[in-house]
Amino acid sequence: MKNFPHQFNDLTKIFNALLAIKQLIDEETALKDENFGELLTRNEIYTYRDKSLTIDEFLALEEEKPKANRGYLTVARDIRRLFELLGFLTVFEDKSGSLSSQAIQLLSAPNEEVKRELWKNSFLQLGLEGTDGEISHPYRILLKLVQDKPGIETKKLMLALEAENDSIEEYERIIDLSELTLDEILESTGTSESMGRNAVKILPGIAEQLGDIARRGNNAFPIGRIVITEDEISTEIPPDATNPEGVPYSQYRAVSSDTIAVDPIFNTISTVSIDYTESIRIRQQRLSEHQEIVRRLGLFCEERAFELYEGKFDCLSTMEETALVFEIKTILSSMSDQEKQTIKGVGQLKYYKFSIVNRQMEYEDIKEFLVYSQKPEVSLIEFCTAENIKVVWLEDGIFRIYDAVSNADVDFEPLDFV
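For the structure given in this document, a descriptive report is provided here. Values in this document were obtained by computation on a predicted structure and should not be read as measured data.

## Structural notes on the overall build of the chain
At step 1: Assigned secondary structure in the chain consists of 14 helices and 17 strands.
At step 2: Within the chain, buried positions represent 44% of all 418 residues.
At step 3: A separation of at least 24 residues holds for 59% of the contacts in the chain among residues at least 6 apart in sequence.
At step 4: Of the roughly 21,800 Å² of accessible surface on the chain, 48% is carried by carbon and sulfur atoms.

Here's what the structure looks like:
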């Protein structure tokens, strides 16, 4: 199994360590373990257990130990190697150093979103050489493992460091190994338990922070395996899944108008032998429109002092004993598209009302709303009304609703339903 730096996986700490490297380079200080390790300690990037010691006292005690036993030197050596693997740093024979344009770009990133994409690209490009000289890309292998084996035990992600290269044959070997028990994997690969633990200390945590995987208990799931249609995003969660604290995952969560319906980050679309590119673009446009409507609706309700939730439903607004459950549908002008979206939306509303809002959240006074991106056909409004579902749509940036009493279109006011 290939060796990979395994000191810490917190991207904020790693970023601050890169700032420390830059500081040493700017000061023309050699990137020796002692210099880098001391700066990591003084900047509280590397921390020690005995908090009663000052930093100077700690460093003085470390000087009394053999170099091999000085933890802050080991950390410095490992982090420096990580930066070299990421292509951030070149260290010369005299221990002077130079940062790459990629590292400088990361350090000057204007916001967290740009920083995250730069981190992700760097880890995807990270190549690791084995004793035989062959190169593999462990982060890519890890993501592919999680995609192909959703729910894989996180410990088995050590196999991302087992691959000799990026060939199909080698990946098939890795997949076969993943079918074994953990003990069988260790025995088959000649890996000790400590090496196995070290092999999963870093990359799974990095992938989680970058939004590429989700870890639930001892298992890893792909974030990328999201079901995306023109009007919704859904992620399948096993009924018995729990979070790392052992608490069962809830099908709803409290949000605000700032955190509801966060836009997904789409990967670059590539043309294949059968070109679905334009179709995918249309679906992405409709998804973006869907998310924008959810955000508008969330803000609209929040301004009226409703509490907001999202979950399998698109938006739930509650006030005292009343819950308004909304399902949003982007529609085209064609009747077939509107029918498909309406039938789907009605079924979703009925199920979410029963299984989540009533059974789990224990609301009795529940109102259902199907919200469209434009006014649907009258026959569909009549159908929804017969099912006791209110029909709302966006018209010139204003939410409108069909009033069954006056048989007219009026401005939507959610407070009227409390």
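## Overview of the sheet that holds strand S6 (residues 213–216)
Two pairing modes exist for strands in a sheet, parallel and antiparallel, and in both the strands are linked by backbone hydrogen bonds.
At step 1: Read across the open sheet, the three strands follow the order S5-S7-S6; overall the sheet is antiparallel. Two strands bound the open sheet, and with one partner strand each, they are strand S5 (152–153) and S6.
At step 2: Sheet topology places S5 next to strand S7 (residues 219–222); two bridges connect them, and they run antiparallel. In the strand pairing of S7, Ile152 is matched with Ala220.
At step 3: Packed on one face of the sheet, helix H7 (residues 138–148) meets S5, S6 and S7 and runs near 90° to S7.

## With respect to the pairing of S7
At step 1: Both S6 and S7 contribute to a ladder of four bridges, which runs antiparallel. The residue of S7 that forms the bridge with Ala214 is Phe221.
At step 2: Hairpin connection, S6 to S7: the antiparallel pair is bridged by two residues, and Gly217 has positive phi, about 65°.

## Focus on a negative patch on the surface
At step 1: Taken together, the side chains of Glu129, Asp132, Glu134 and Glu164 make up a negatively charged region of the molecular surface.
At step 2: Residue classification places Asp132 among the partly exposed positions, given a relative accessible area of 43%.

Calculation rules
- Residues numbered from 1 in each chain as written.
- Predicted model: local features only at pLDDT ≥ 70, side-chain atom pairs only at ≥ 80, totals over all residues.
- Heavy atoms only, no water.
- Helix = DSSP H or I, 4+ residues; strand = E, 2+ residues; numbered from the N terminus.
- Buried < 20%, exposed > 50% of the residue type's maximum accessible area, 1.4 Å probe, protein only.
- Contact = heavy atoms within 4.5 Å.
- Areas by Shrake-Rupley, 256 points an atom, 1.4 Å probe, with all protein chains shown as cover.
- Pairing = 2+ DSSP bridges.
- Axes fitted to C-alpha atoms, helices over the stretch in contact; angles between N-to-C directions.
- Patch = residues over 30% accessible without salt bridge, like charges linked within 9 Å, V, L, I, M, F, W, Y side chains within 5 Å.
- Salt bridge = Lys/Arg side-chain N within 4 Å of Asp/Glu carboxyl O.
- Lys, Arg positive; Asp, Glu negative; His and termini not counted.
- Charge placed at Lys NZ, Arg CZ, Asp CG, Glu CD.

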